[in-house]
Amino acid sequence: MQLEVPSGAPRPRLAFLGTGYLGATYAICFAELGYEVLGFDVDEPKIAKLAAGQVPFHEPGLDELLRANLAAGRLRFTTSYEEVADFADVHFICVGTPQRGDSMGADLKYVETSVTNLAKHLKRRALIVGKSTVPVGTAEWVEQLVAKHTAPELGVEVAWSPEFLQEGFAVEDVLRPNRIVVGVKSDWANAMLYAAHKGVFDLAATEDREVPLVVTDFATAELVKVAANAFLATKISFINAMAEVCEVAGGDVTQLARAIGYDPRIGNRFLQAGVGFGGGCLPKDIRAFQARAQELGAGEALRFLHEVDLINLRRRSRVVQLAAQLLDRRPGPAGPDLSGTRIAVLGAAFKPNSDDVRDAPALAVAAALSKAGADVRVYDPQGMENARVVQPHLAYEASMADAVAGAELVCVLTEWAEFRNADPNALGDLVAARRIIDGKNCLDPALWARAGWEYRGMGRPAPAL
């Protein structure tokens, strides 16, 4: 049976409500797959920038795709709910779900606003699909919002399809996903979502790949993303907990991780000890997951995530402790006094190939070092503009060389290739003292030690000379 697209177009027209990192990336990539796409946001300057061919954040490869699909006429942007409602058959909700100010739970006000305003303008059948990471039960609530604001005879339906983007690899994750999950209640919703993703499946077929499709219920679809993030956060915190043990036992966490990672039941991904995880997803998502489980009466099941969070935060404090040790500053009751010292912090984004500084460990450590009295100089290849907004009191330098010049201690806190590949001898000529903290365990300790640097990693012994 041929699927009848409500707009009458040959394939579903797609709208992405919210053009932040998630929505803009999906909108651009689905236009690249050949769909007619409309991106929506209430932020007029952001929409103007996108319409002019400029991506308002750093994501490798996305700028070129944006300009190509604007030129091809497949991609447009708007601030009008009415235009979105008239245009699209499938509306993907991609707005933010930040942590609430008064609790660990997710704030769903942007979801409510976008769904309500869209529903009020719908004049024909459509499918509203949640992509934002939300507490389980949100899809049922969105159904109620839609029922309240649309006429029953329109037959507007709701579905849920979580996203699994990795910043720095997002274009590949949209075009070549490792799985697609859809939570649906009807055959029509399932068929519409399949048609909306057919470009992904067609691309996979031409490349002789398979994209697993999981068709499930609302609750399971909502839980997939938060469960995946909770698992990854737990794996990262586990190896950082082992780093704590290695530091007191004299072990090397990098060798430990390599050894256990060869076990196929464990694997080596996300077993890199360091300053811990950050960004706009993992920290807030595991907290919101705990809060929702508590509301549902299953709080005990996720109690371990509280310790996962604490381990993660302790790694940031560990960098400050290491800095005090290397600079021979004894900690007082309120922590170490680092006044009179100059420290270079290399990194501000929470991960390389991104300008995202949300809950970034690097920036949190830089702020902590500054609060302890140090003169902190920060450099990041992409995250400087956003970092200045979040931590305006810090000093920012235009290059790695400028940041390390005259520094008594260098802290590598984001594993950019520029930092990983830095020449220890050349950097040594710029600093006041050759001391370095490798907060991501991304440097070769022996190489830096041979160049006369006093090296400290996370969960690693000092290298033998």
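Calculation rules
- Residues numbered from 1 in each chain as written.
- Predicted model: local features only at pLDDT ≥ 70, side-chain atom pairs only at ≥ 80, totals over all residues.
- Heavy atoms only, no water.
- Patch = residues over 30% accessible without salt bridge, like charges linked within 9 Å, V, L, I, M, F, W, Y side chains within 5 Å.
- Areas by Shrake-Rupley, 256 points an atom, 1.4 Å probe, with all protein chains shown as cover.
- Salt bridge = Lys/Arg side-chain N within 4 Å of Asp/Glu carboxyl O.
- Buried < 20%, exposed > 50% of the residue type's maximum accessible area, 1.4 Å probe, protein only.
- 1 Å grid on protein atoms, 1.4 Å probe; cavity = no way out; pocket = protein on both sides within 12 Å on 5 of 7 lines; lining within 4 Å.
- Points joined across faces, edges and corners; volume = space filled by probe spheres on them.
- Helix = DSSP H or I, 4+ residues; strand = E, 2+ residues; numbered from the N terminus.
- Nonpolar A, V, L, I, M, F, W, Y, C, P; charged D, E, K, R; others polar.
- Contact = heavy atoms within 4.5 Å.
- Pairing = 2+ DSSP bridges.

(A) A nonpolar patch on the surface, seen in detail. A cluster of nonpolar side chains, contributed by Y194, L213 and V215, occupies part of the molecular surface with about 260 Å² of accessible area. Residue classification places L213 among the partly exposed residues on the basis of a relative accessible area of 38%.

(B) Structural view of the pattern of salt bridges. With the rule as written, the count across this model stands at 32 salt bridges. For E83, the salt bridge goes to R76, with nearest N and O atoms at 2.6 Å. You can call R76 partly exposed: its relative accessible area is 36%. Here E140 and K185 are joined by a salt bridge, their closest N and O atoms 3.2 Å apart.

(C) Representation of the layout of surface pockets. Taken as a whole, the second largest pocket encloses approximately 230 Å³ of empty space. Around the second largest pocket, the lining residues are R316, S317, V320, A334, G335, P336, A364, V365, A368, K371 and A372. Secondary structure elements with two or more residues in the lining of the second largest pocket: α13 (304-326), β10 (335-336) and α14 (361-371). Counting residues per element, the lining of the second largest pocket draws most heavily on α14, at four residues. Split into classes, the residues belonging to the lining of the second largest pocket amount to seven nonpolar, two polar and two charged.

(D) Region of the structure containing empty space enclosed by the protein. Inspection of the entire model under this criterion finds two cavities of 30 Å³ or more. There is about 80 Å³ of room inside the largest cavity. Lining the largest cavity are 13 residues; nearest its centre among them are V134, P135, V226, A288 and F289. Residue assignment for the lining of the largest cavity shows that the elements contributing at least two residues are α10 (218-249) and α12 (282-295). Here the second largest cavity defines a volume of roughly 30 Å³. Around the second largest cavity, the lining residues are K131, S132, T133, V134, W160, P162, A221, E222 and K225.

(E) Summary view of helix α9 (residues 198-206). Within α9, burial applies to G199, V200, F201, L203 and A204. Along its buried surface, α9 packs onto α1 (21-32), α7 (170-175), β7 (180-183), α8 (187-196) and β8 (213-216). The positive-phi residue at the C-terminal boundary of α9 is D208, with phi of around 55°.

(F) View of the sheet that holds strand β16 (residues 454-457). With respect to topology, six strands assemble into an open sheet ordered β13-β12-β11-β14-β15-β16, the strand pairing being parallel. Of all the strands in the sheet, just β13 (395-396) and β16 have a single pairing partner and so form its edges. As paired strands, strand β14 (residues 409-412) and strand β15 (residues 435-438) are joined by three bridges and run parallel to one another. For V412, the partnering residue across the bridge sits in β15 and is D438.

It is worth stressing that arrangement in space is one thing and function is another; only the former is reported here.
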